[in-house]
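Take a look at the letters that make up each chain.
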Amino acid sequence: MSDEQIPVVRDVGQGTAKLMPDVDRDRAWLLTVDGAPQSYVDLDDPHHLEFEYVRRLAHVLDCAAEPGLALDLLHLGGGALTLPRYAAATRAGSRQTVVEFDAGLVDLVTEHLPLAADSGVTVHTADARAWLEAAPAASADLVVADVFGGSRVPAQLTSVEYARAAARVLRPGGLYAANLADGAPFDFLRAQVANFADAFAELALIAEPAVLRGRRFGNAVLLASDAPLPVGALARKCAADPFPARVEYGDGPARFRKGAAPVADADAAPSPAPPEGAFSLG
């Protein structure tokens, strides 16, 4: 760690943000908000993805189209822009829109973890749901949702109306991918599957087997599309991770849903708060 790499602490809209340098990697930083890990960025190596769920989102991006093909991406939730940096490195020429609600967090990341001038990434400070509903129809190849207010997904992003808004923005064959978190009995995650089954023809879930079996609270990536999903390639990539994940598709999401019904805006609630220590830094 160089002398210039010292922790940065700042109050932002969602709480107290900290940028902490990684002593083992030059110019690599961990972003936390109120102690909850939000992002990890290596400014010298955008291919290095520290968090398991980010690697799974990156696998989705890798499988979304032929390698290297430029795409139009909409990122709901910005953090430290880990996935947009990865997309800029692996799919040069992509047009990427990032929507982040917390203006203070945007300022912090812009100041200390700046993007390359030619990244193709544009960051907007706005509400994710409002932006999605105002976006042109069929304007994105991939929508990635990684929106947390603290450690919970806001209620306005957990309804069937939100799922339908995401479907409207995607082009035919486009992919929706969301980072969610839940634990047994999975009332929240099952409702999300129901919401997106209402709006999309094809669904998949990606998570560690222990999470899917209800043995612990954790992250799950929900995929949705109006076309067949690239589950074979995804399954191979996820199985090869240091923390292997399983891809549930076909009848799997329907079985997981267990009859849960879509949730309307009027009844929507935030995702559950994680149990103490679920996402701690150890």
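Residues numbered from 1 in each chain as written. Predicted model: local features only at pLDDT ≥ 70, side-chain atom pairs only at ≥ 80, totals over all residues. Heavy atoms only, no water.

**Student:** Explain the side chain of Asp22 to me, please; I cannot follow it from the model alone.
**Tutor:** Mapped onto the elements of the fold, Asp22 is located in the loop between β2 (15-21) and β3 (28-33). One buried charged residue, Asp22, forms no salt bridge at all, with the nearest opposite charge on Arg25 at 5.3 Å. In terms of polar contacts, Asp22 uses its side chain to reach the side chain of Tyr40, at 2.6 Å. (Helix = DSSP H or I, 4+ residues; strand = E, 2+ residues; numbered from the N terminus. Buried < 20%, exposed > 50% of the residue type's maximum accessible area, 1.4 Å probe, protein only. Lys, Arg positive; Asp, Glu negative; His and termini not counted. Salt bridge = Lys/Arg side-chain N within 4 Å of Asp/Glu carboxyl O. Polar contact = N/O pair within 3.5 Å; in protein donor to acceptor, adjacent residues only side chain to side chain.)

**Student:** Would you mind going over the sheet that holds strand β1 (residues 8-12) with me for this structure?
**Tutor:** By way of backbone hydrogen bonds, the strands of a sheet pair with one another, either parallel or antiparallel. Strand order in this open sheet of 4 strands is β1-β2-β3-β4, and the pairing throughout is antiparallel. Both edges of this open sheet fall to β1 and β4 (36-42), since each of them pairs with a single strand only. Neighbour-to-neighbour, the strand axes of the sheet open up by a mean angle of 20 degrees, direction not taken into account. As paired strands, β1 and β2 are joined by 5 bridges and run antiparallel to one another. For Val8, the partnering residue across the bridge sits in β2 and is Leu19. Seen against the sheet, helix α3 (residues 103-112) touches β1, β2 and β3 and runs at an angle of roughly 155 degrees to β1. (Pairing = 2+ DSSP bridges. Axes fitted to C-alpha atoms, helices over the stretch in contact; angles between N-to-C directions. Contact = heavy atoms within 4.5 Å.)

**Student:** Would you mind going over the packing of helix α5 (residues 160-169) against helix α6 (residues 187-199) with me for this structure?
**Tutor:** When two helices pack together, their arrangement is given by the angle between the helix axes and the distance between those axes. At a minimum axis distance of 8 Å, the contact between α5 and α6 shows a crossing angle of 45 degrees. If you check the angle between α5 and α6, you find them oblique. The way α5 lies across α6 gives a crossing that is right-handed. Each of Val160, Tyr162, Ala163, Arg164 and Ala167 in α5 lies in contact with α6, whose residues at this interface are Asn195, Phe196, Asp198 and Ala199. (Parallel < 35°, antiparallel > 145°, perpendicular 65-115°, else oblique. Left-handed = near helix turned anticlockwise from the far one by under 90°.)

**Student:** Where do I start with empty space enclosed by the protein in this structure?
**Tutor:** If a probe the size of a water molecule is rolled over the atoms, the empty space left behind becomes visible. What the rule picks out here adds up to 2 cavities of 30 Å³ or more. Approximately 80 Å³ is the volume found for the largest cavity. Considering every element that reaches the lining of the largest cavity, the biggest residue donor is strand β9 (residues 170-182), with 4 residues. Each residue belonging to the lining of the largest cavity can be placed in one class, and the counts come to 10 nonpolar, 2 polar and 1 charged. Taken as a whole, the second largest cavity encloses approximately 30 Å³ of empty space. Lining the second largest cavity we find Ser39, Tyr40, Leu49, Glu50, Phe51, Val54 and Thr82. In the lining of the second largest cavity, the residues fall into 4 nonpolar, 2 polar and 1 charged. (1 Å grid on protein atoms, 1.4 Å probe; cavity = no way out; pocket = protein on both sides within 12 Å on 5 of 7 lines; lining within 4 Å. Points joined across faces, edges and corners; volume = space filled by probe spheres on them. Nonpolar A, V, L, I, M, F, W, Y, C, P; charged D, E, K, R; others polar.)

**Student:** What should I look at first to understand the environment of Leu57 in this one?
**Tutor:** Along the chain, Leu57 turns up in helix α1 (residues 52-63). With a relative accessible area of 4%, Leu57 lands in the buried category.

**Student:** Explain the pattern of salt bridges to me, please; I cannot follow it from the model alone.
**Tutor:** When their charged atoms lie close together, side chains carrying opposite charge are able to pair. Scanning the model with the defined rule gives 16 salt bridges in all. We note a salt bridge from Asp72 to Arg95, for which the minimum N-O separation is 2.7 Å. Here the residue Asp72 occupies a position in strand β5 (residues 72-76), and Arg95 occupies one in strand β6 (residues 95-100), the gap between them amounting to 23 residues. Arg95 gets classed as exposed once you look at its relative accessible area, which sits at 57%. Linked by salt bridges that have partners in common, Asp72, Arg95, Asp141 and Arg171 make up one network.

**Student:** What exactly am I supposed to notice about the nonpolar core here?
**Tutor:** Burial of nonpolar side chains together is a common tendency in soluble globular proteins. Ranked by internal contacts, the top residues of the largest apolar core, which has 37 residues, are Leu74, Leu76, Leu132, Val143, Tyr162, Tyr176 and Phe196. For this core, the leading source of residues is α5, giving 5 residues. In this structure, Leu61, Leu175, Ala177 and Val221 belong to the second largest nonpolar core, which totals 31 residues. (Core = buried A, V, L, I, M, F, W, Y, C linked by side-chain atoms within 4.5 Å.)

**Student:** Teacher, can you tell me more about the sheet that holds strand β10 (residues 202-207) here?
**Tutor:** Strand order in the open sheet made by the 8 strands is β7-β6-β5-β8-β9-β11-β10-β12, with mixed pairing throughout. Edge positions in the sheet fall to β7 (121-125) and β12 (246-249), since each has one partner strand and no second. Strand-to-strand twist of the sheet, defined as the mean angle between neighbouring strand axes without regard to direction, takes the value 15 degrees. Bridge count for β9 against strand β11 (residues 218-225) is 8 bridges, and the pairing is antiparallel. Across the sheet, residue Ala178 finds its bridge partner in β11, namely Leu222. Strands β5, β6, β7 and β8 (140-145) of the sheet are contacted by helix α2 (residues 82-90), whose axis makes an angle of about 175 degrees with β6. α6 contacts β9, β10 and β11 of the sheet and is inclined by roughly 170 degrees relative to β9.

**Student:** Sorry if this is basic, but what is going on with the pairing of β5 here?
**Tutor:** Side chains on a regular strand alternate between the two faces of the sheet. Judged by how many residues are buried, β5 sits mostly within the fold: 5 of 5 residues are covered. Pairing between β5 and β6: 5 bridges, direction parallel. Residue Leu76 lies in a different strand from β6, and its bridge partner there is Val99. Between the parallel elements β5 and β6, the chain passes through α2 in a crossover that is right-handed. Sheet topology note: the β5/β8 ladder contains 4 bridges and is parallel. By the bridge assignment for β8, His75 is matched with Val144. (Right-handed = clockwise from strand over helix to strand, strands pointing away.)

On their own, these measurements won't tell you what the molecule is for.
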